[in-house]
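Coordinate inspection notes
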Amino acid sequence: MFSMLRRRARPVVEDLRIEHAAECARLHADFFAHPWGVNEFETMIASAAVYGAAGVDPSRGDFGGFILVRRAADEAEILTIAVDKSLQKQGLGRELLDFQVSGLRRIGVRRLFLEVDENNRAARRLYEKSAFAQVGTRPGYYRSAEGSPANALILACEL
Ligand SMILES: CC(C)(COP(=O)(O)OP(=O)(O)OC[C@H]1O[C@@H](n2cnc3c(N)ncnc32)[C@H](O)[C@@H]1OP(=O)(O)O)[C@@H](O)C(=O)NCCC(=O)NCCS
C-alpha cells in the first residue's frame, strides 16, 4: 500500500543487468516493428561484448529506459536505445547515452557507430547534439508501418 503511494522520482541511470531483460523486451516492443524477446535480451546482456545502461526510478523501481551497445576492439555500436513514452523529452535518453559513452571511454573504445531511420526526428536530434556525424547511408533499410521504405543513416562519433 505504502509503495503505491510513493511518488514517481527521476530515474537514476545504472548498469544494465540481466534482471532488466523483461523490461527491455517490453519497452522495445513499444517502438520497434520486430521486437526482441526476453531470451534475446538475456543473451545479449550476458555477453562479455555487450554493455548497457538502464534508467530506474529509485523509489518505485519503475523501468524508464535503456541503452545497449556491442563492443569490438576499440569500436562499438549502439544496438538499441529506448525511453518510456511517459518520460521522453525530459533528458533521460541523453543521460543514458552519456553514461554509456563514459563507460566505453574507460574501457578504451574510441569510435561509436549506430544506424537510425532518417525519419526518426527524436533519435536524430539526440545523436546530433552528442556530436555524431553521418558516415554512410543504407538505402531502403527500414520499412514504415505502412510498408514504405526509409533510409538508414549510419552515424559515428569519436570518443
Ligand atoms: C530517441 C529517444 C531514446 C530519445 O529519448 P528522450 O529521453 O526523449 O531524449 P532526451 O529527452 O534526452 O532528448 C534528447 C534531444 O532530442 C530532442 N527530442 C526528443 N524527442 C523529440 C521529438 N519527438 N522530436 C524532436 N526532438 C526530440 C530533445 O529535445 C533533445 O534535444 P535538445 O537537447 O536540443 O533539447 C526516445 O525518443 C525513444 O525512446 N524513441 C523510441 C525508440 C527509438 O526510436 N530509439 C532510437 C533508435 S536509433
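What you see is a predicted model; the values in this text were computed from it and never measured.

The rules we used
Residues numbered from 1 in each chain as written. Predicted model: local features only at pLDDT ≥ 70, side-chain atom pairs only at ≥ 80, totals over all residues. Heavy atoms only, no water. Phe/Tyr/Trp six-rings, centres within 6.5 Å; stacked < 30°, edge-to-face > 60°. Buried < 20%, exposed > 50% of the residue type's maximum accessible area, 1.4 Å probe, protein only. Core = buried A, V, L, I, M, F, W, Y, C linked by side-chain atoms within 4.5 Å. Helix = DSSP H or I, 4+ residues; strand = E, 2+ residues; numbered from the N terminus. Contact = heavy atoms within 4.5 Å. Pairing = 2+ DSSP bridges.

Now for the packing of aromatic side chains. Applying the stated criterion across every chain, the model contains five aromatic pairs. Taken together, a centroid distance of 6.2 Å and an interplanar angle of 35° make the contact between phenylalanine 63 and phenylalanine 66 tilted. Taking the relative accessible area as the measure of exposure, phenylalanine 63 reaches 6% and is therefore buried. With centroids separated by 5.1 Å and ring planes inclined at 80°, the aromatic side chains of tyrosine 141 and tyrosine 142 adopt a geometry described as edge-to-face. Counting every residue linked through ring pairs, the aromatic cluster contains Trp36, Phe41, Phe63 and Phe66.

With that out of the way, let us pick up the nonpolar core. In this structure, Ile67, Ile78, Leu96, Leu97, Leu112, Tyr127 and Phe132 are the most contacted members of the largest nonpolar core, which totals 26 residues. Elements that contribute at least two residues to this core include exactly strand S3 (63-72), strand S4 (75-83), helix H4 (92-106), strand S5 (111-117), helix H5 (121-129) and strand S7 (149-158). The dominant element in this core, judged by the number of residues it contributes, is H4, at five residues. Contact partners of leucine 97, with chain neighbours within four places excluded, come to Ile67, Ile78, Leu126, Tyr127, Ser130 and Phe132. Within the second largest apolar cluster, 16 residues are counted, among which are Ala21, Cys24, Val56 and Phe66.

Within the chain, lysine 89 stands out as a residue other than glycine whose phi angle is a positive 65°. In this fold, lysine 89 is placed in the loop between S4 and H4. Within the chain, alanine 131 stands out as a residue other than glycine whose phi angle is a positive 70°.

With respect to burial, S7 is a largely interior element, seven of its 10 residues being buried. Across seven bridges, the pairing between S5 and S7 is antiparallel. Residue aspartate 117 lies in a different strand from S7, and its bridge partner there is alanine 152. Here seven bridges tie strand S6 (residues 133-143) to S7, and the two strands are oriented antiparallel to one another. Residue pairing across strands places threonine 137 opposite leucine 153, the latter belonging to S7. Between S6 and S7, which follow one another and run antiparallel, lie five residues, and glycine 147 among them has a positive phi close to 95°.

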